[in-house]
Amino acid sequence: MFIFTLVVFALLLAVLAVIFKRTQKLGMTVFIGLFFGLVFGALLQGFVEPAVVKDSLDWINLVGNGYVRLLQMIVMPLVFVSILSAITRLNQASALGRISFSVIAVLLITTAIAATIGIAMAYVFDLTAEGLVAGERELAAQTKVLGRAEQVNNLSIPAMLLSFIPKNPFLELTGANPTSIISTVLFSAFLGVAALSLGKEDKALGERIAQGVETLNKLIMRLVRLVIRLTPYGVFALMIKMANTSKWADIVNLGSFIVASYLAIFLMFVVHGILLAVFKINPVDYFKKVMPTLSFAFTSRSSAATLPLNIETQTQKLGNNNVIANFAATFGATIGQNGCAGIYPAMLAVMVAPTVGIDPFSLGYLTTLVLVVAISSLGIAGVGGGATFAAIVVLSTLNLPLALVGLLISIEPLIDMGRTALNVNGSMVAGTLTSKFLGKNNH
């Protein structure tokens, strides 16, 4: 049965390759791979012995995790070279300030809106922490969460901001720290500004530097496109793992929270569409262009791994300025995440509040919660860990118990897929709106 499973897997990979070769439509092939993976993973869970499935997944994960690693391999070179290349083509370094302010403002405002929607869904579905039963896995998760909380307790805004400044840029290029992406962005920006300064003093030298950087940028972008062509196969394998490892009993037991979470995520996508429409950007056309990127974010559950696809989509499909696309993608992967740092911690804070005698829907509490969520979303990159750390930061700031974070661990992967897609879309919306604000859209 083990050999049969791998043969079927290999045949489906071959089918995807034939579809892509004949159609040359990456987006369509990605969705077909996603569907194949969902069906195949569900069949494995339902009809194949667990021992055989486990052995099969070891090989299937070689494709899925291998693709994710290839994307992770190119993240830092892409961020560094793309931003450096884009800045060397700027006429004025002062434009960086406007770009950064606009991108971060959009991310924080949308995160505050996401928190408000999360609160509303908790109210509509009458979600509460009372009555949740902690099993062995949940109890173990609670212990882990409480241990991580110690990393957050002494976190301050100045300390978080200081962590963004690289003291060893070569170490940051290895991705050694949770803030490595932002640190690399800052290093690239300073290096680009230095190149602009040299170009003003010696025009010939500035042109040689710009040509050298542009050559390196073209090499990295060719590498990115080679890796991105593997997306249908990576999504297929990742979806098999997701569909096979989901615990349907957990999904049923915590169904209300899952439904409320995904409804909140859907509504936030609608908000993104409305924001685009307000600034005269066709939301239907936008979502058609970004859907393959969102599907990978959904299956990979990694905003960082989606960075190459994110930047490629913004620059090639949406026509966003290269500098803006890089800033929006990198900042959006670590700051102002609408799903992980907006909806999720807000919902948990509302659910937990009644257990300590707080009215979660009083005006004072709601105002404080939305502000805390928005501000805390700046600091998530300083500690790493996505939604779990976002929840810990918010609950700790409001002096609320952290047990619920561990109790929801069983359904965390399922909800995290939707949250990650929303995070990535938030960054692309920030880039698209900023390009529109500053008049730098190439389309």
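Residues numbered from 1 in each chain as written. Predicted model: local features only at pLDDT ≥ 70, side-chain atom pairs only at ≥ 80, totals over all residues. Heavy atoms only, no water.

## Here's the deal with the pattern of salt bridges
Phase 1: As enumerated under the stated definition, the model contains four salt bridges in all.
Phase 2: Note that Lys289 is salt-bridged to Asp285, the shortest N-O span being 3.1 Å. Within this pair, Lys289 and its partner Asp285 are both found in helix H13 (residues 283-300), separated by four residues, close to a single helical turn.
Phase 3: Arg301 is paired through a salt bridge with Asp416; the nearest N and O atoms lie 3.1 Å apart. Taken together, the residues Arg301 in the loop between H13 and helix H14 (307-317) and Asp416 in helix H21 (residues 412-437) connect sequence positions 115 residues apart.
Phase 4: The network of salt bridges with common partners includes Arg301, Asp416 and Arg419. (Salt bridge = Lys/Arg side-chain N within 4 Å of Asp/Glu carboxyl O. Helix = DSSP H or I, 4+ residues; strand = E, 2+ residues; numbered from the N terminus.)

## Quick look at the packing of aromatic side chains
Ring pairs (aromatic) are described by centroid distance and by the angle formed between their planes.
Phase 1: Applying the stated rule across the entire model yields ten aromatic pairs.
Phase 2: Pairing Phe9 with Phe236 gives two aromatic rings, centres 5.4 Å apart and planes at 15 degrees, and the pair type is stacked. Pair noted here: Phe9 is in helix H1 (residues 2-23) and Phe236 is in helix H10 (residues 231-245), with a separation of 227 residues, a long-range link. The pair Phe9 / Phe236 is uniform in exposure class, with both members buried.
Phase 3: The lysine or arginine in question, Arg419, covers the ring of Tyr344, its NZ or CZ lying 4.3 Å from the ring centre. (Phe/Tyr/Trp six-rings, centres within 6.5 Å; stacked < 30°, edge-to-face > 60°. Buried < 20%, exposed > 50% of the residue type's maximum accessible area, 1.4 Å probe, protein only. Lys NZ or Arg CZ within 6 Å of the ring centre and 35° of its normal.)

## A few points about a nonpolar patch on the surface
Phase 1: Among the surface-exposed residues, Leu263, Phe266, Val270, Ile274, Val278, Phe279 and Phe437 lie close enough to one another that they form a single nonpolar patch of about 620 Å² accessible area.
Phase 2: In terms of residue count, the dominant contributor to the nonpolar patch is helix H12 (residues 255-278) (five residues).
Phase 3: For Leu263, a relative accessible area of 33% corresponds to the partly exposed category. (Patch = residues over 30% accessible without salt bridge, like charges linked within 9 Å, V, L, I, M, F, W, Y side chains within 5 Å. Areas by Shrake-Rupley, 256 points an atom, 1.4 Å probe, with all protein chains shown as cover.)

## Re helix H9 (residues 203-228)
Phase 1: For H9, spanning 26 residues, the distance from its first C-alpha to its last is 36 Å, which sits close to the expected 38 Å at 1.5 Å a residue.
Phase 2: Its side-chain oxygen placed 3.2 Å from the backbone nitrogen of Ala204, Asp202 serves as the N-cap of H9. (Expected span 1.5 Å × (residues − 1). Polar contact = N/O pair within 3.5 Å; in protein donor to acceptor, adjacent residues only side chain to side chain.)

## Some points on the side chain of Glu172
Phase 1: Following the sequence through the fold, Glu172 ends up in helix H7 (residues 169-172).
Phase 2: Here Glu172 sits buried without a salt bridge, and the closest side chain of opposite charge, Lys167, lies 7.7 Å off (N-O distance).
Phase 3: Those residues within four positions of Glu172 in sequence are excluded, and the remaining contacts are Met76, Pro166, Asn177, Ser180, Ser183 and Thr184. (Lys, Arg positive; Asp, Glu negative; His and termini not counted. Contact = heavy atoms within 4.5 Å.)

## Examining unusual backbone geometry
Phi is mostly negative for residues that are not glycine, and the peptide bonds are mostly trans.
Phase 1: Notably, Asp126 is not glycine yet its phi reads approximately 50 degrees, a positive angle.
Phase 2: Residue position: Asp126 is located in the loop between helix H4 (95-124) and helix H5 (136-153).

## Quick notes on the environment of Leu238
Phase 1: Among the secondary structure elements, Leu238 is positioned in helix H10.
Phase 2: Residue Leu238 is classed as buried on the basis of its relative accessible area of 9%.
Phase 3: With 197 residues separating them in the primary sequence, Leu238 and Gly41 have C-alpha atoms 9.5 Å apart.
Phase 4: Those residues in contact with Leu238 that lie beyond four places of it in its chain are Gly64, Asn65, Val68, Phe296, Thr299 and Ser300.

## Quick notes on the environment of Val370
Phase 1: Summarising the element assignment, Val370 is placed in helix H17 (residues 363-376).
Phase 2: On the basis of relative accessible area, Val370 is assigned to the buried category, the value being 18%.
Phase 3: Contacts of Val370, omitting those with residues within four sequence positions, involve Ala112, Thr116 and Ile119.

## Comments concerning the nonpolar core
Phase 1: If you look at the biggest cluster of nonpolar residues, it comprises 107 residues, and the most contacted ones within it are Phe296, Phe327 and Leu369.
Phase 2: Examining the composition of this core, we find that 14 residues originate from one element, helix H3 (residues 50-88), more than from any other.
Phase 3: When sequence neighbours within four positions are dropped, the list of residues in contact with Phe327 reads Ile83, Leu96, Ile99, Ser100, Val103, Val185, Ala189 and Gly332.
Phase 4: Listed in part, the 16 residues of the second largest apolar core include Phe9, Leu16, Leu57 and Ala237. (Core = buried A, V, L, I, M, F, W, Y, C linked by side-chain atoms within 4.5 Å.)

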